[in-house]
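Architecture and fold: a report
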There are 2 protein chains.
Amino acid sequence: MNPKIDDTFVELPLLAVREEEGHLNPDFILAVETAIDAEDSDGLRELAGKLHEADTGDLIETLGEAQRAVFVRLLGNEFDYTALTETDEAVRLKLLEALPNEDIAEGLGELDSDDVVYILEDMDEADQAEILDGFALADRAQLQRSLDYPEDSAGRRMQGEFIAVAQFWTVGQTIDYMREARDLPESFYEIYVVDPGFRLLGAVALDKILCAKRHEKITEIMTETRRAVLATEDKEEVARRFERYNLISSAVVDDADRLVGILTVDDIVDVIQEEAEEDLRALAGVGDEEISDSVITIARSRLTWLVVNLGTAVLASAVIAMFEDTIEAMVALAVLMPIVASMGGNAGTQTMTVAVRGIATQELGTRNMLRVLRREVLVGFLNGTILALLIGVTAWMWFQNPGLGIVIGGAIIINMLFAGLSGLLIPIGLDRINVDPAIASSVFVTTVTDVIGFFAFLGIAALWFGLPI
Amino acid sequence: MNPKIDDTFVELPLLAVREEEGHLNPDFILAVETAIDAEDSDGLRELAGKLHEADTGDLIETLGEAQRAVFVRLLGNEFDYTALTETDEAVRLKLLEALPNEDIAEGLGELDSDDVVYILEDMDEADQAEILDGFALADRAQLQRSLDYPEDSAGRRMQGEFIAVAQFWTVGQTIDYMREARDLPESFYEIYVVDPGFRLLGAVALDKILCAKRHEKITEIMTETRRAVLATEDKEEVARRFERYNLISSAVVDDADRLVGILTVDDIVDVIQEEAEEDLRALAGVGDEEISDSVITIARSRLTWLVVNLGTAVLASAVIAMFEDTIEAMVALAVLMPIVASMGGNAGTQTMTVAVRGIATQELGTRNMLRVLRREVLVGFLNGTILALLIGVTAWMWFQNPGLGIVIGGAIIINMLFAGLSGLLIPIGLDRINVDPAIASSVFVTTVTDVIGFFAFLGIAALWFGLPI
């Protein structure tokens, strides 16, 4: 996952890797598979040896399970292990199991430390230890430090390769140092200035170095970073800061303010996308399943949600059961009642979706809550009235009963108001008690709109027509 | 929206701008409001003159509508118009209306061209023209060129400020040029190499320049970019490429392969987040409404979705109406039927959400469709069976009727299978006929699970118990 300038299309093999729309080219896949099956190492290297890691990652996912390890073996030292950071977790772990640990250790040796950590973190402890043993002591310490930080922390995602210079250096010294240095990060956008205790003093963007005179002191062109990312900080917090302030990279410091690594925006892009997608998945009741997960994994992860919703559905049924006699007396009510619940559910989901994202992006907070609440009530009332008219007239015509139109119209307006209220207040309330609103909101909102929907409709009908309850 | 190294916390005023969780500090807001109401220009400049544009943007949104223009006026030339790229569209447009066009033209003169375009594009034509007249001819041409590209294209979002050097230059010449040049972009990460016709030859990352010797030819360290971003390309396509290949910036070329601008990752981050969020909103039936939109705007944008879903709900009611006599004969069916529809709806939404995101990220395609289909059927059958048992036993106990348990269990299994099938096939089918699956899928999926749910449950019940239809 090294950030790159657009070198995507350099030295492509003759066969195009991707089609216009971005999918891998089927002819290319076929050629690769043929080379694998023929154990044609040279042919395979020519086809896939120079691919970008992202293309190699996608290619690995497309191959059959048995072909993947053969693919890596045939490519030999032309296989770039960074590609493993671009595959699904399930695919990566299976492939790693199929490869000898010493090959993995050798392959990972070429990578930046953040990529090594990304690949190692999900492996079992024994394999992890064996692979780590293949690293030089200093590198191993760096990797272990990252692995010791919590899974969702900045420290776990940071890269250990960076350039730090002393505060008394000049621009010229810095440039000369970079020209001579080996073991530089693969790409970098800024360098860091530290004091003798390796405490972070500031950062200098490369364009500032290039535009400065050689004799200038590095501290004169440096930007003081009064608050760098803390290694223990949650990666989503960090992502929000990158996004808010349009950062490209940031230093990571430990509790003693010592520079321990850097984060670059390409890693953060993944976090940002994951976060928006997490909300989407959570609202729909799917976990972080991947397209390559097994039937059992997926069935199990989805079942929880379904069982919780079963509770909601049974609760709604219990409300209907209260009105069994009413329905028996006028069966048209059974025909129409799902409309009321469904309209409320849809309106509640609309409000809730906006509220959940507003909370996640911090656009919805205490300062504008009342204004938004007022707005939701008005929107609910406005759309409720329009829908009530539409549905009311439909029901009247359908059952030739104007009273039925009035009853369903009234129930719709009531349910739309409750939908707006619960769609807003439930996510806010959950957030207040530190429950992720994306995960838990929709069960509660649906419960409200179902229960209120059935209760209002059947209740008003019983009163209006004087039916038994 | 200029990408920045982490200079976020430099020269902060004494009062913290944000609280721990990232919201604006209420005390800070109060101080700003007091300064505005007292027309205290000096005090306001001290408080808010040096803020990061993102903070200023959030601050503007928090202020009362009348205070916003006063805020800008009091800050005078310390107001950074870039902040307007960080506010909601509704807030920005109202504020721009309240400011004199000549002030706007002067303020925008300081900005990079992509930010100017972002601010101008939604204004009405007359104001746009008047403001553009305040720019120098060359700048105006650049802005007009961007504005002429379609709204969602790379050309509309590109930045006109970049550094291009001739192919025969050395590294030393390039560095000297940058040291002397004025009017450089605010930040940059690579420079571009062009031929005499300004056709793009390649790009050189700044770290490569810094690590090279002065006498080296620039073409020796440049990366050939065989396919840069086309100005007419859709921004979401571009975002996918940035994300896939971890790009930081990319050249933008016109149809004749001439370099016309650059895109940087910070603009792309917004596109990536918007895209994931668009899917979330589309699935829930909310448009791109913003937290500051008016009641009427929001009510109207949500109503369409509700009316479409009303059609679905009426269709489901029509299915129930077919079984009026059945329900009259056994009113417990009316109590239980929403459970079947609701379980199907939830399972369908789960599959659909995964499918819609899989299509958007290109992880789901022709090559793995059959495998995913087989998996969805198995998951539906597995979870359907478990839920059927749970619900079947519940129904049996509740109504003391084992037959009712069998009937509802059978209906659940059938509906869960259809939920899996429709949740996958409907998004894929919509994508094939070029309809956005995120927008249209959920209406169809809900229709299927409602209709099948009610039909299967009431139909099987009628057959099993020999009830009238």
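Keep in mind the model is a prediction, meaning the values are calculated, not measured. (Residues numbered from 1 in each chain as written. Chains lettered and ligands numbered in written order. Predicted model: local features only at pLDDT ≥ 70, side-chain atom pairs only at ≥ 80, totals over all residues. Heavy atoms only, no water.)

This part covers the sheet that holds strand β2 (residues 190–194) of chain A. Residue and element names in this part refer to chain A. Read across the open sheet, the four strands follow the order β1-β2-β3-β4; overall the sheet is mixed. Every interior strand has two partners, whereas the edge strands, β1 (164–166) and β4 (223–224), have only one. Note: β2 against strand β3 (residues 200–205), five bridges, orientation antiparallel. Bridge pairing links V194 to L200 in β3. (Pairing = 2+ DSSP bridges. Helix = DSSP H or I, 4+ residues; strand = E, 2+ residues; numbered from the N terminus.)

Once that is clear, we can look at the interface of chain A and chain B. Between chain A and chain B, the contact holds 141 residues from the first and 141 residues from the second. Three residues stand out in chain A for area buried against chain B, namely L210, Y245 and I291 of chain A, and they jointly supply 7% of the buried area on that side. On inspection of chain A and its partner chain B, the count reaches six salt bridges. Where E277 of chain A meets R357 of chain B, a salt bridge forms, and the shortest distance between an N and an O atom there is 3.0 Å. Between the two partners, chain A and chain B, sit 24 residue pairs in polar contact (both at pLDDT 80 or more). Residues of the side of chain A that touches chain B, tallied by class, amount to 71 nonpolar, 28 polar and 42 charged. (Contact = heavy atoms within 4.5 Å. Buried area = accessible area lost by both parts, 1.4 Å probe. Salt bridge = Lys/Arg side-chain N within 4 Å of Asp/Glu carboxyl O. Polar contact = N/O pair within 3.5 Å; in protein donor to acceptor, adjacent residues only side chain to side chain. Nonpolar A, V, L, I, M, F, W, Y, C, P; charged D, E, K, R; others polar.)

For V308 of chain A, the position within the fold is in helix α16 (residues 295–322). Given the relative accessible area of 41%, V308 of chain A is considered partly exposed. (Buried < 20%, exposed > 50% of the residue type's maximum accessible area, 1.4 Å probe, protein only.)

The next subject is the packing of aromatic side chains. Residues and elements named next belong to chain B. Under the defined criterion, the tally for this structure stands at 13 aromatic pairs over all chains. Where F162 meets Y192, the ring centres are 6.5 Å apart and the plane angle is 90 degrees; that geometry is what we call edge-to-face. With F162 in the loop between α10 (154–157) and β1 (164–166) and Y192 in strand β2 (residues 190–194), this residue pair connects regions lying 30 residues apart in the sequence. Of the residues examined, Y192 reaches a relative accessible area of 1% and is grouped as buried. (Phe/Tyr/Trp six-rings, centres within 6.5 Å; stacked < 30°, edge-to-face > 60°.)

Quick look at the sheet that holds strand β7 (residues 259–264) of chain A now. Each strand in a sheet pairs with another by means of backbone hydrogen bonds, the pair being arranged parallel or else antiparallel. Residues and elements named next belong to chain A. Judged by pairing direction, the sheet is mixed, and its three strands sit side by side in the order β5-β6-β7 without closing on themselves. Bordering the open sheet on either side are β5 (229–230) and β7, each of which pairs with just one other strand. Strands in contact with helix α14 (residues 235–244) are β5, β6 (249–253) and β7; relative to β7, the strand with the most contacts, it is inclined by about 60 degrees. (Axes fitted to C-alpha atoms, helices over the stretch in contact; angles between N-to-C directions.)

Tallied over the full model, the rule gives 10 cavities of 30 Å³ or more. Of the volumes computed, that of the largest cavity is approximately 1,000 Å³. Every residue lining the largest cavity is counted, 43 residues in all, and those nearest its centre are N346 and T349 of chain A together with N346, T349 and T446 of chain B. Elements that contribute at least two residues to the lining of the largest cavity include exactly α15 (265–284), α16, α18 (332–360) and α21 (437–465) of chain A together with α15 (265–284), α16 (295–322), α18 (332–360) and α21 (437–465) of chain B. Its residues assigned to classes, the lining of the largest cavity shows 22 nonpolar, 19 polar and two charged. Counted as a void, the second largest cavity has a volume near 80 Å³. Lining the second largest cavity are 13 residues; nearest its centre among them are A347, T351, V379 and G380 of chain A together with R302 of chain B. Of all the secondary-structure elements, those providing two or more residues to the lining of the second largest cavity are α18, α19 (366–399) and α20 (402–432) of chain A together with α16 of chain B. (1 Å grid on protein atoms, 1.4 Å probe; cavity = no way out; pocket = protein on both sides within 12 Å on 5 of 7 lines; lining within 4 Å. Points joined across faces, edges and corners; volume = space filled by probe spheres on them.)

With that settled, consider the pattern of salt bridges. Across all of its chains, the model carries 48 salt bridges over all chains by this definition. Between E180 of chain B and K213 of chain A there is a salt bridge; the shortest N-O distance is 3.7 Å. Here E180 of chain B, found in helix α11 (residues 171–180), pairs with K213 of chain A, found in the loop between α12 (206–211) and α13 (218–221), and the two come from separate chains. Judged by relative accessible area, which is 56%, E180 of chain B ranks as exposed. Note that E277 of chain B is salt-bridged to R281 of chain B, the shortest N-O span being 3.4 Å. Of the two residues, E277 of chain B and R281 of chain B are both situated in helix α15; the distance of four residues between them amounts to about one turn of the helix. Three or more residues are tied together by salt bridges with common partners; here these are E277 and R281 of chain A together with D279 and R357 of chain B.

With that settled, consider helix α2 (residues 41–48) of chain B. Residues and elements named next belong to chain B. Of the residues making up α2, those classed as buried are L44, L47 and A48. Buried residues of α2 fall within an arc of 70 degrees about the axis and therefore sit on the same side. Facing away from the buried surface of α2 by more than 90 degrees, the exposed residues are D42 and E46. Elements that come into contact with the buried residues of α2 comprise α1 (26–37), α3 (53–62) and α4 (65–75). (Arc of directions from axis to C-beta.)

In screw terms, the move from chain A to chain B is a rotation of 180 degrees and a rise of 0.0 Å along the axis, fitting with an RMSD of 0.0 Å. Here the transformation between the copies is reduced to the relation of a two-fold axis. Comparing contact sets, 100% of the residues at the interface of chain A also lie at the interface in chain B, consistent with an isologous, same-surface contact. (Least-squares fit on C-alpha atoms with pLDDT ≥ 70 in both.)

A few words on the pairing of strand β6 (residues 249–253) of chain B. Residue and element names in this part refer to chain B. Most of β6 sits inside the fold, with five of its five residues counted as buried. The sheet contact formed by β6 and strand β7 (residues 259–264) spans five bridges and is antiparallel. Bridging from a neighbouring strand, V253 pairs with L259 of β7. Two successive antiparallel strands, β6 and β7, enclose a turn made up of five residues, where D257 displays a positive phi of approximately 70 degrees.

Residues and elements named next belong to chain A. Put simply, α18 and α21 touch, their axes get as near as 8 Å, and they point 150 degrees apart. Taken together, α18 and α21 sit at an angle that is classed as roughly antiparallel. The chirality of how α18 crosses α21 is right-handed. When α18 is examined against α21, the residues L333, L336, M337, P338, V340, A341, G344, G345, G348, M352, V356 and I359 are found in contact with a partner set consisting of P437, A438, S441, S442, V445, T449, D450, G453, F454, F457, L458 and A461. (Parallel < 35°, antiparallel > 145°, perpendicular 65-115°, else oblique. Left-handed = near helix turned anticlockwise from the far one by under 90°.)

As a further point, take the domain arrangement of chain A. One can read the domain layout of chain A as domain 1 (26–149), domain 2 (164–284) and domain 3 (295–465). For domain 1 of chain A versus domain 3 of chain A, the distance between C-alpha centres works out to 49 Å. (Domains from an automatic or database assignment.)

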